[in-house]
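# Structural overview for review
Here's the letter readout for the chains.
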Amino acid sequence: QVQLVESGGGLVQPGGSLRLSCAASGRTFSSYAMAWFRQAPGKEREIVAGITWSGGRTYSADSVKGRFTISRDNAKNTVNLQMNSLKPEDTAVYYCAARSEAFIAVVPVRREQYNYWGQGTQVTVSS
């Protein structure tokens, strides 16, 4: 069983930065692919960024490439999302997700491929 708890959301002006963190419980966290998804009102939940168990491979959605960076610290059981140059269209609830299949070499990108989810944290980009 894996429990995920997000933190770091809030209100930020366009062009600003936020850092989201996801704290995971469970000894097997370090073997799982992790990802950040987001869901804006009236829209489908979409992947923002993902990372393999070792951190050796990452994925970023086209909409956030060059602005958002995903990272993980397996010693601390955390995965982070550094968000820079934020835009109003980045406003959404951001979710941390884990796929409990150990040591996969690629980053899963579909929502249905993840089986553990956090409760979400709100990010609002507005002046």
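Structural notes, computed from the coordinates. All values derive from a computational prediction rather than experimental measurement.

Scanning the model with the defined rule gives 4 aromatic pairs in all. When the centroid spacing of 4.8 Å and the interplanar angle of 85° are considered together, the rings of Trp53 and Phe103 count as edge-to-face. Taken as a pair, Trp53 in the loop between β5 (46–51) and β6 (58–60) and Phe103 in the loop between β9 (92–99) and β10 (116–117) lie far apart in primary sequence, 50 residues in all. Grouped by ring-pair contacts, the aromatic residues Phe37, Tyr114 and Trp117 constitute a single cluster.

All right, on to unusual backbone geometry then. Positive phi values are uncommon outside glycine, yet Asn77 reaches one of about 55°. Among the structural elements, Asn77 can be located in the loop between β7 (68–73) and β8 (78–83). A relative accessible area of 19% places Asn77 in the buried class.

By the criterion of burial, β9 is predominantly enclosed, with 6 of the 8 residues buried. The pairing of strand β4 (residues 33–39) with β9 spans 7 bridges and is classified as antiparallel. When the sheet's bridge partners are listed, Arg38 is paired in β9 with Tyr94. Both β9 and strand β11 (residues 121–125) contribute to a ladder of 3 bridges, which runs antiparallel. Paired with Ala92 across the two strands is Val123, which belongs to β11. For β9 and β10, the ladder comprises 2 bridges, and the chain directions are antiparallel. Paired with Ala97 across the two strands is Trp117, which belongs to β10.

Reading the values: rules and limits
- Residues numbered from 1 in each chain as written.
- Predicted model: local features only at pLDDT ≥ 70, side-chain atom pairs only at ≥ 80, totals over all residues.
- Heavy atoms only, no water.
- Phe/Tyr/Trp six-rings, centres within 6.5 Å; stacked < 30°, edge-to-face > 60°.
- Helix = DSSP H or I, 4+ residues; strand = E, 2+ residues; numbered from the N terminus.
- Buried < 20%, exposed > 50% of the residue type's maximum accessible area, 1.4 Å probe, protein only.
- Pairing = 2+ DSSP bridges.

These values are about where atoms sit, not about what they do.
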